[in-house]
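# Structural characterization, general
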There are 2 protein chains.
Amino acid sequence: MSQRVKVKQILADDRTHYAVIVKGWVRSFRNNQFIAVNDGSTNNNLQAVLALDSLDASLLKRITTGAAISLSGEIIPSLGKGQRVELKVATLEILGDCDPEKYPLQLKNRPSLEYLREIAHLRFRTNTFGAIFRVRHSLAFAVHKFFNERNFVYLHTPIITASDAEGAGEMFRVSTLDPMNPPLDVDGNIDYSEDFFGRATNLTVSGQLEGELAAMAFGDIYTFGPTFRAENSNTTRHLAEFWMIEPEMAFYDLEDNMALAEAFVKSVIGYVLENNREDLDFLATRQEEEEKQKPQAERSDMGLIEKLEFVLNNEFQKLTYTEAIEILKNSKPNKNKKFSYIIEEWGADLQSEHERYLVEKHFKKPVILTDYPAAIKAFYMKQNEDGKTVRAMDILFPGIGEMVGGSQREENYEKLVKRMEEMHLPVEEMSWYLDTRRFGACPHAGFGLGFERLMLFVTGMTNIRDVIPFPRTPKSAEF
Amino acid sequence: MSQRVKVKQILADDRTHYAVIVKGWVRSFRNNQFIAVNDGSTNNNLQAVLALDSLDASLLKRITTGAAISLSGEIIPSLGKGQRVELKVATLEILGDCDPEKYPLQLKNRPSLEYLREIAHLRFRTNTFGAIFRVRHSLAFAVHKFFNERNFVYLHTPIITASDAEGAGEMFRVSTLDPMNPPLDVDGNIDYSEDFFGRATNLTVSGQLEGELAAMAFGDIYTFGPTFRAENSNTTRHLAEFWMIEPEMAFYDLEDNMALAEAFVKSVIGYVLENNREDLDFLATRQEEEEKQKPQAERSDMGLIEKLEFVLNNEFQKLTYTEAIEILKNSKPNKNKKFSYIIEEWGADLQSEHERYLVEKHFKKPVILTDYPAAIKAFYMKQNEDGKTVRAMDILFPGIGEMVGGSQREENYEKLVKRMEEMHLPVEEMSWYLDTRRFGACPHAGFGLGFERLMLFVTGMTNIRDVIPFPRTPKSAEF
């Protein structure tokens, strides 16, 4: 009796001479004899070998790229090059045909990433996107594993929210009011008291504030869920819908926070290196080929695997914003006016070009910047004694810039309220948040990491639309 | 040198006579000497013992329920009853005061669940909600663990979607158009081409259709993300925002699907029983006390732990919808007209009362019903040869009714399109979905499970608002 076995398992198995059933899709068929079968369990194909003249011509014709097939037979040592074992086919059944005249992935030339974005419902079937989304799975699992092992509580913070707590900018409105005839109040404004939730609601931009509520009970929590920005940015780095990881820890100061963030990033990258080596090797080769198209000067000095191992094996460089500004002010590209934004004085917001200079040129390793000017950071960050900086930290990565943003939080009620008033935030509406500072407040800290940013780094892809299954961007919400 | 140790670890540790730092919140303080400290890592408190007269009266006054404290001292065998070890306090620091006059959880009487819902930002700090949300964490982790071990790919399906594929009913509109002055097209309708995504968009009601796209490449995938229903149902079983788990498997038929679903439910319940026994014991006691308030006839015959173990240890009963209708037609409550909806003939949609009768009275174990009438099921389910039923399955649980809903999918292009036309679904718009049946189609199946339904079952809670951190319901979107 044979049973269905996944290709990954067959290729990893030392045994030969055993019966199996294999189900998957045809990746290629040559010489009317050799089928490369893929079932999605691994990037590698299983070679299935037909006995010559064993099948009808009409059946042979239906063995086309993309067709779904079921095979039974015996796993034997392979005589050909390139694989250790192969499947000697006893029976073949076509489960679903795939018309080569119509199948978009039939193209002999490698389809472009742009074209594959248009057929995102089929791109999973390519080697590149197979590898990318298996890596995405592993990276997500590694996130949960890391926090579970450390006794963190996974918290599902709300997606629909009435609070614009961060004032973080443009949000998506969520409503069930009749858009043609919305009810109006006495002042002639939309009467959201008649809306589904009895108030105006939006899609969340962050779960942090709700995360803090739970951290004050469980100690250590994390979120991992979708967040939204209605920013009209059509770039390779922005999505309207993306996934964020936001841990929040009671009794942590900034030092603890930095140590956790560094351990976290290293742990999940290490997990993927260990568990998805074949996918990463494929993506490394892909990136290498892409690099060859670039002028010598723009090529990166490290391959993908090398870059990931480099992050694993180096302690992140810690310095303050103030120290970074000094380095940048005196840097060549600043003096030669090569930066688009010249750093002239303390207080300047750092751009991606500055972050990348620090990481890629100056320190040549990931950098953690701390103690930013209060004026360019969020209201909830702990105020330093100097009266002008806050206990913020950003982790900067090669090629990416900011990978992690976090801070110790201001736990002092009076200082926090004063800061909120200065920033014109609705203190009254946020009394639930302020209760964490009224009742049993303690030093606490947390950080946020955009999952797709991490995916870009780990896969070596350069367009954020290629690391999320169905990207949402301005003027596009396909599938 | 001592370092911060979590209460859970101290209580699990066999050792005594070692130095620790403990940080957490005061749960109670009695005799000016005994502090029950909780840090959220476990439902259990650590008893911290002050040497008499070791502290100032002014400091003693600040040791109030809810206050955040840091303690150093030595773990020693406890002389008192109820705990094996205790902390002999050397130093105590108040990190954050908690004014007993104002703290809502200061109440001597146990606060009601209704009241705690109003202060959902603080309810995490109670024993009940501490246990519930630690269980929620474990259950979520068990979901990922189960699928990861089986080589499934975790897929983040889109939250914002332009498709109303299921026709599943009321959806939340997502928009950035000016609600007071929306742009109109030539016909005087809202011109969604000017909206953020260039079309009308909604919050997803299911990730299944996108999941099928990925299953046709990876074989086995699952989703675990938020889904939404704009249903105006103010019941103990409905949420506007909830989390769904939706696995989808290529090359699976209905039998495989049922086997996976049963293994899945048993696996995650088993995980929580193994890893959260203290939380479950607490919730079991809570439920027992609640049951005592009920009339004898309404009390359940099983305790919480017993019920969970019962599900683990019994094979689910499989029968067809047609067989179930026969049982129900001949049942006492049907004949005596005790059902609100009397079952008169084949084709009737089953209500929760019927599902619970089958599970709780007739079979006394979880039941899997299969082969429902096509008319009461979704368009994508595989059509049986009889021309009137489909390869659907629902798993019914005691106290809950439907826990899992799934089916083998119709993989035949022509049959699927015909069914969509009968149901007036937009065939043209859904050509991306139909491509899975055009190119390399294969038998496949999947199911969906509402995570909060599972949480109700596992925690023994009866109101769905109590098993999600911040419930979204009609007229309510607090925090």
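Our subject is the structure that appears above.
Residues numbered from 1 in each chain as written. Chains lettered and ligands numbered in written order. Predicted model: local features only at pLDDT ≥ 70, side-chain atom pairs only at ≥ 80, totals over all residues. Heavy atoms only, no water.

### Remarks on the overall build of chain A
From N to C terminus, chain A includes 15 helices and 16 strands. The principal-axis extent of the C-alpha atoms belonging to chain A is close to 85 × 60 × 45 Å. Counting every position in chain A, which comprises 479 residues, the buried fraction comes to 59%. Of the contacts made within chain A by residues no fewer than 6 positions apart, 67% connect residues no fewer than 24 positions apart. Carbon and sulfur atoms provide 46% of the accessible area of chain A, an area that totals close to 19,900 Å². For chain A, the distance from the average position of its 57 positive side-chain charges to the average position of its 71 negative side-chain charges is 7 Å. (Helix = DSSP H or I, 4+ residues; strand = E, 2+ residues; numbered from the N terminus. Buried < 20%, exposed > 50% of the residue type's maximum accessible area, 1.4 Å probe, protein only. Contact = heavy atoms within 4.5 Å. Areas by Shrake-Rupley, 256 points an atom, 1.4 Å probe, with all protein chains shown as cover. Lys, Arg positive; Asp, Glu negative; His and termini not counted. Charge placed at Lys NZ, Arg CZ, Asp CG, Glu CD.)

### Comments concerning the relation of the copies chain A and chain B
Mapping chain A onto chain B calls for a screw motion: a turn of 180° about the axis and a shift of 0.0 Å along it, with 0.0 Å RMSD after fitting. In symmetry terms, the pair is related by a two-fold rotation axis. The position closest to the rotation axis in chain A is occupied by the C-alpha of Val174 of chain A, lying 2.5 Å away. (Least-squares fit on C-alpha atoms with pLDDT ≥ 70 in both.)

### Observations concerning the side chain of His144 of chain A
Here His144 of chain A shows up in helix α5 (residues 127-149). Within the local environment of His144 of chain A, its side chain forms a polar contact with the side chain of Tyr222 of chain A, the two groups lying 2.7 Å apart. (Polar contact = N/O pair within 3.5 Å; in protein donor to acceptor, adjacent residues only side chain to side chain.)

### Digging into the pattern of salt bridges
Using the criterion set out here, one finds 50 salt bridges over all chains in the structure. In this structure, Arg409 of chain A engages Glu248 of chain A in a salt bridge whose closest nitrogen and oxygen atoms are separated by 2.8 Å. Of this pair, Arg409 of chain A sits in the loop between β15 (401-408) and α13 (413-422) while Glu248 of chain A is found in strand β11 (residues 241-250), placing the two residues 161 residues apart along the sequence. We note a salt bridge from Lys382 of chain B to Glu411 of chain B, for which the minimum N-O separation is 3.2 Å. Taken together, the residues span a long stretch of sequence, with Lys382 of chain B in the loop between β13 (367-373) and β14 (389-397) and Glu411 of chain B in the loop between β15 (401-408) and α13 (413-422) at a distance of 29 residues. Pair check on accessibility: Lys382 of chain B and Glu411 of chain B agree, each one buried. The network of salt bridges with common partners includes Arg117, Arg123 and Asp466 of chain A. (Salt bridge = Lys/Arg side-chain N within 4 Å of Asp/Glu carboxyl O.)

### Some words on helix α14 (residues 431-438) of chain A
Burial analysis of α14 of chain A places 6 of its 8 residues in the buried class, the great majority of the element. Of the surrounding elements, those touching the buried residues of α14 of chain A are α6 (208-218), α13 and β16 (444-450) of chain A together with α4 (120-123) of chain B. In the segment just after α14 of chain A, Gly440 of chain A is the residue with positive phi, at about 70°.

### Considering the sheet that holds strand β5 (residues 85-96) of chain A
The pairing of strands in a sheet happens through backbone hydrogen bonds and is either parallel or antiparallel. Residues and elements named next belong to chain A. Here we have 5 strands rolled up into a closed barrel, ordered β1-β2-β3-β5-β4, and mixed in their pairing. With direction set aside, neighbouring strand axes in the sheet form an average angle of 55°. As defined by bridge partners, strand β1 (residues 18-30) adjoins strand β4 (residues 68-77) across 8 bridges and the pair is classed as antiparallel. When the sheet's bridge partners are listed, Val20 is paired in β4 with Gly73. (Pairing = 2+ DSSP bridges. Axes fitted to C-alpha atoms, helices over the stretch in contact; angles between N-to-C directions.)

### Description of empty space enclosed by the protein
For the coordinates displayed, the defined rule picks out 8 cavities of 30 Å³ or more. Volume-wise, the largest cavity comes out at about 130 Å³. The set of elements that each furnish at least two residues to the lining of the largest cavity consists of β8 (173-175) of chain A together with β8 (173-175) of chain B. Classifying every residue of the lining of the largest cavity by side-chain character gives 10 nonpolar, 2 polar and 4 charged. (1 Å grid on protein atoms, 1.4 Å probe; cavity = no way out; pocket = protein on both sides within 12 Å on 5 of 7 lines; lining within 4 Å. Points joined across faces, edges and corners; volume = space filled by probe spheres on them. Nonpolar A, V, L, I, M, F, W, Y, C, P; charged D, E, K, R; others polar.)

### Brief notes about the packing of aromatic side chains
Here the structure, examined in full by the defined rule, presents 59 aromatic pairs over all chains. Judged by centre distance (6.3 Å) and plane angle (25°), the ring pair of Phe129 of chain A and Phe133 of chain A falls under stacked. Of this pair, Phe129 of chain A and Phe133 of chain A both sit in helix α5, 4 residues apart, which is roughly one turn of the helix. Each member of the pair, Phe129 of chain A together with Phe133 of chain A, is buried. Among the aromatic side chains, those forming a connected cluster through ring pairs are Phe124, Phe129, Phe133, Phe470 and Phe479 of chain A together with Phe218, Phe379, Tyr380, Trp432 and Tyr433 of chain B. Lying across the ring of Tyr18 of chain A, Arg15 of chain A places its NZ or CZ 4.1 Å from the centre. When the ring centre of Trp346 of chain B is taken as origin, the NZ or CZ atom of Lys388 of chain B, which lies over that ring, is 4.4 Å away. (Phe/Tyr/Trp six-rings, centres within 6.5 Å; stacked < 30°, edge-to-face > 60°. Lys NZ or Arg CZ within 6 Å of the ring centre and 35° of its normal.)

### Considerations on the sheet that holds strand β1 (residues 18-30) of chain B
Reading around the circumference, β1-β2-β3-β5-β4 (chain B) is the order of the 5 strands in this closed barrel, with mixed pairing throughout. Ignoring which end each strand starts from, the neighbouring axes of this sheet average 55° apart.

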